[in-house]
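Letter by letter, the chains look like this.
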Amino acid sequence: MATINQSVDVETAIILAADFGYDIEQGITEEIGIQMLNESESGGEKEPRSPVVTVMGHVDHGKTSILDAIRKTDVAEGEAGGITQHIGAYHVRSNYGDVTFVDTPGHAAFTEMRSRGAQVTDIVILVVAADDGVMDQTREAISHSQAAGVPIIVAVNKIDKDNADIDRVKRELAELDLSPEDWGGDTMYCETSAKKNIGIDELMELIQLQAEMLELKADRKRKARGRVVEAQLHKGRGPVATVLVQDGTLRTGDHFVVGQFSGKVRAMLDFKGQKIEEAGPSIPVEVQGISGVPSAGDEFIVVTDEKMARSVSQKRALKARESELGANTKISLDKLFEQMQEGEVQELRVVLRSDVQGTLEAFAKAAEELSTDEIKVKVLHEGTGTITESDILLASASDAVIIGFNVRPSVKVKELAQKESVDVRSYDVIYHALDDIKKAMVGMLEPTFKEDIIGLAEVRETFHVPKVGTIAGCAVVDGKIQRNAGVRVLREGVVIYTGKIESLRRFKDDVKEVVSGYECGIGVEKFNDIKVGDNLEAYVMTEVEATL
Ligand SMILES: Nc1nc2c(ncn2[C@@H]2O[C@H](COP(=O)(O)OP(=O)(O)OP(=O)(O)O)[C@@H](O)[C@H]2O)c(=O)[nH]1
């Protein structure tokens with residue numbers, strides 16, 4: 001006998017359910033088991049934990065130098081003189097408090113983790129060189145941090161330089177929503193010289209101040225959970241992962257699930273490569289004893305026993321394979337209306353790319369004006385030049401679409417977009433893009449013509465043929481090139497000309513098409529300015545049935 005509130009064991013449940021014509025799947029109870037474990041098992045009080053910080057900025061603005069200077073403030077270090085770092089994260093104990101630094105290379109890694117649901121960073125330090133000011137990667141880092149909702153502390157670095165212009169940096173950043181506090185804004189600024197060791201203590205103080213405002217807390221008594229920062233197959237130690245403990249305490253001997261793998265903590269090393277027995281919240285450790293190499297961003301959860309660990313990891317592996325095969329759940333303009341109806345989106349986020357700055361400003365303004373009560377159009381990031389891998393990762397992590405004007409992603413970037421199911425749309429004029437967004441918002445997006453890109457060729461040589469013009473000696477690298485197809489001439493990922501393929505030859509013969517792997521000569525109608533290194537993108541327009 002059991003009352004309605006009492007649970008029964010799995011065997012009984014299976015027999016009972018069978019009487020009613022249902023099958024019971026045991027795995028689900030274990031997934032739920034983990035959840036319950038994590039919800040219920042909260043032992044004691046939540047205590048403050050130290051902040052996890054990521055340093056970002058444009059190349060050469062001084063990220064590494066600032067991190068080095070910070071490490072020198074480590075009071076635990078003393079005589080040894082500088083820490084030899086073994087893993088991608090480390091913990092500094094300064095007079096101002098403890099800080100954990102996640103040393104992943106750049107904002108792409110940061111966002112890749114986030115696209116896996118892993119937000120480990122509490123605070124971003126944005127390093128901007130005072131002599132150089134805001135540059136491309138500064139802007140990208142800001143967009144990535146803002147999209148993640150992580151507060152930014154600005155370190156205006158290299159103030160020792162003669163041509164340092166701190167006010168200019170502040171002005172440029174104020175335009176990007178990072179007004180300094182002394183200008184009435186709410187962004188913390190710190191003036192540093194990593195080289196002369198100026199302002200480093202102040203920076204550490206600001207980190208603590210920001211951390212206090214964030215009220216970062218964790219319960220060190222519970223079983224540990226954390227995230228993988230990096231992982232690899234080590235020759236002697238087998239699969240190892242740097243895990244940042246986010247809650248609870250991790251101990252040697254704990255059974256755990258990590259991504260699709262499981263294991264038992266055989267040994268733990270801190271970032272100095274020293275063996276430790278336990279690691280509390282905000283502490284990075286290298287864990288040994290995993291059944292395989294997990295991915296950066298994977299969740300790490302301690303469970304009660306080995307059987308549970310194994311069973312959950314197997315279910316996860318199966319699920320991962322299934323989702324790889326199907327399910328595209330990301331946002332796309334095609335599905336915008338459906339998703340709006342289902343209440344899934346209130347905000348259409350876009351990442352913008354264009355060949356010229358003017359288009360960006362005009363589009364961003366017009367797009368934001370399209371916002372209605374139901375849906376807001378928000379530009380997450382904009383930049384000139386071609387669509388990058390970092391754009392795709394940002395769009396993937398933030399569920400955004402990418403809109404490009406006269407720019408094309410490279411083959412590699414396109415593949416990443418496909419893998420991440422990011423909707424990348426290319427336009428040549430603003431109002432076409434605006435039209436599509438408008439139509440998508442009311443569920444009327446029904447292109448009557450769809451452009452199919454059929455192939456890509458790389459220009460290896462050019463020849464001048466009298467009366468004909470320039471012929472491009474090309475290698476077809478993707479798909480096929482057809483005579484009379486439309487063609488775009490791309491230079492460094494930017495469209496410089498759009499026209500038609502006028503002539504297509506293999507050796508001396510005119511041919512209708514040339515497929516990937518072969519070489520050919522291509523003449524572009526009314527265009528002679530082809531250069532070695534250009535890419536030719538061939539496309540055809542196909543009629544698409546109206547869908548509603
Ligand atoms: N004068 C001056 N030079 C600095 C300062 N900080 C860094 N530098 C110099 O700037 C150069 C780049 O510094 P890094 O710390 O390597 O810059 P980074 O941002 O880590 O560069 P990447 O890792 O390549 O992106 C080095 O030559 C440093 O010595 C500073 O405060 N003042």
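With an unreviewed UniProt entry as reference, the protein chain is termed Translation initiation factor IF-2, source organism Desulfomarina profundi. If you open the UniProt record of the protein chain and go to Subcellular location (unreviewed entry), you find "Cytoplasm". Note on the protein chain: under the UniProt heading Sequence similarities (unreviewed entry), the record states "Belongs to the TRAFAC class translation factor GTPase superfamily. Classic translation factor GTPase family. IF-2 subfamily."

*Asks:* I'd like to hear about unusual backbone geometry, residue by residue, with values.
*Replies:* In this structure, N197 is a non-glycine residue whose phi angle is positive, near 60 degrees. Among the secondary structure elements, N197 is positioned in the loop between β7 (188-191) and α7 (200-214). Unlike most non-glycine residues, D399 shows phi in positive territory, near 55 degrees. Note on D399: relative accessible area 28%, which makes it partly exposed.

*Asks:* How would you summarise the state of the cysteines if you had to cite specific residues and measurements?
*Replies:* Inspection of the entire model under this criterion finds zero disulfides. C520 carries a free sulfur, and the closest cysteine sulfur to it, the one in C474, is 5.4 Å from it.

*Asks:* Which residues make up a nonpolar patch on the surface, and what are the values?
*Replies:* Together, F463, V465 and V468 make up an exposed nonpolar region whose accessible area comes to about 240 Å². Mapped onto the elements, V468 comes out in the loop between β22 (449-465) and β23 (469-482).

*Asks:* Account for the pairing of β7, with residues named and values stated.
*Replies:* Relative to β7, strand β6 (residues 152-157) runs parallel, the two sharing four bridges. For I153, the partnering residue across the bridge sits in β7 and is M188. What joins β6 to β7 is helix α6 (residues 166-174), and the crossover it makes is right-handed.

*Asks:* So what's going on with the environment of D305? Which residues, and what values?
*Replies:* Checked against the element boundaries, D305 lands in the loop between β17 (299-303) and α8 (306-325). In this structure, the C-alpha to C-alpha distance between D305 and F256, residues 49 residues apart in sequence, is 8.1 Å. Polar contacts involving the side chain of D305 include one to the main-chain amide nitrogen of K307, which spans 3.0 Å.

*Asks:* Any details on helix α13 (residues 430-441)? Residues and values, ideally.
*Replies:* If you check α13, its first and last C-alpha atoms are 17 Å apart, about what twelve residues at 1.5 Å a residue would give, namely 16 Å. Buried residues along α13 sit in contact with α9 (336-341), β18 (347-354), α10 (357-369), β19 (376-384), β20 (400-405) and β21 (424-427). Positioned one or two residues after α13, G443 has a phi angle of 75 degrees, which is positive.

*Asks:* An account of the packing of aromatic side chains is needed here, citing residue identities and associated values.
*Replies:* Counted by the stated rule, this structure contains six aromatic pairs. The interplanar angle of 40 degrees and the centroid separation of 6.4 Å between the aromatic rings of F405 and Y427 together place this pair among those described as tilted. Highlighted residues: F405 in strand β20 and Y427 in strand β21, separated in sequence by 22 residues. Within the aromatic cluster, the residues linked to one another by ring pairs are Y90, F101 and F271. The ring of Y90 carries the charged tip of R71 above its face, separated from the ring centre by 4.2 Å. Taking the ring centre of Y539 as reference, the NZ or CZ of R488 above it sits at 4.1 Å.

*Asks:* Quick one: what's the story with the sheet that holds strand β3 (residues 89-94), residue by residue and with numbers?
*Replies:* Taken together, the six strands give an open sheet; going across it, the order is β3-β4-β2-β5-β6-β7, and neighbouring strands pair in mixed fashion. The open sheet is flanked by β3 and β7, the only strands paired with a single partner. Between one strand axis and the next, the sheet turns by 30 degrees as a mean value, whatever way the strands run. Where strand β5 (residues 123-129) meets β6, six bridges bridge the pair, whose relative direction is parallel. Bridging from a neighbouring strand, V128 pairs with V156 of β6. The sheet contacts of helix α3 (residues 63-71) involve β2 (52-57), β3, β4 (97-102), β5 and β6, and relative to β2 the element is tilted by about 145 degrees.

*Asks:* Run through α7, naming residues and quoting values.
*Replies:* For α7, which comprises 15 residues, the first-to-last C-alpha distance of 21 Å matches the rise-based estimate of 21 Å (1.5 Å per residue) to within 8%. Residues of α7 that are buried include every one of I200, L203, M204, L206, I207, Q208, Q210 and A211, and no others.

*Asks:* Got a sec to walk through the pattern of salt bridges? Specific residues and values, please.
*Replies:* With the rule as written, the count across this model stands at 29 salt bridges. When the shortest N-O distance is used, the salt bridge between K46 and D247 registers 3.9 Å. One end of the pair, K46, is in the loop between α2 (26-40) and β1 (47-48); the other, D247, is in strand β10 (residues 238-247), and 201 residues separate them in sequence. Close ionic contact of K480 with E513 constitutes a salt bridge, the shortest N to O distance being 3.7 Å. Of the two residues, K480 is situated in strand β23 and E513 in strand β27 (residues 513-515); the sequence distance between them amounts to 33 residues.

*Asks:* Give me the sheet that holds β18: which residues, what numbers.
*Replies:* Here four strands make up an open sheet; going across it, the order is β19-β18-β20-β21 and the pairing parallel. Taken across any chain shown, the strands that pair with only one partner, and hence form the sheet edges, are β19 and β21. On average, each strand axis in the sheet is inclined to that of its neighbour by 25 degrees, with strand direction left out of account. Of the strand pairs in this sheet, β18 and β20 are connected by six bridges, and their pairing is parallel. In the sheet register, L352 faces β20, and the bridge partner there is I403. The sheet contacts of α10 involve β18, β19 and β20, and relative to β19 the element is tilted by about 175 degrees.

Cut-offs applied
- Residues numbered from 1 in each chain as written.
- Predicted model: local features only at pLDDT ≥ 70, side-chain atom pairs only at ≥ 80, totals over all residues.
- Heavy atoms only, no water.
- UniProt positions renumbered as here; feature names shortened; annotations may be inferred.
- Helix = DSSP H or I, 4+ residues; strand = E, 2+ residues; numbered from the N terminus.
- Buried < 20%, exposed > 50% of the residue type's maximum accessible area, 1.4 Å probe, protein only.
- Disulfide = S-S within 2.5 Å.
- Patch = residues over 30% accessible without salt bridge, like charges linked within 9 Å, V, L, I, M, F, W, Y side chains within 5 Å.
- Areas by Shrake-Rupley, 256 points an atom, 1.4 Å probe, with all protein chains shown as cover.
- Salt bridge = Lys/Arg side-chain N within 4 Å of Asp/Glu carboxyl O.
- Pairing = 2+ DSSP bridges.
- Right-handed = clockwise from strand over helix to strand, strands pointing away.
- Polar contact = N/O pair within 3.5 Å; in protein donor to acceptor, adjacent residues only side chain to side chain.
- Expected span 1.5 Å × (residues − 1).
- Contact = heavy atoms within 4.5 Å.
- Phe/Tyr/Trp six-rings, centres within 6.5 Å; stacked < 30°, edge-to-face > 60°.
- Lys NZ or Arg CZ within 6 Å of the ring centre and 35° of its normal.
- Axes fitted to C-alpha atoms, helices over the stretch in contact; angles between N-to-C directions.

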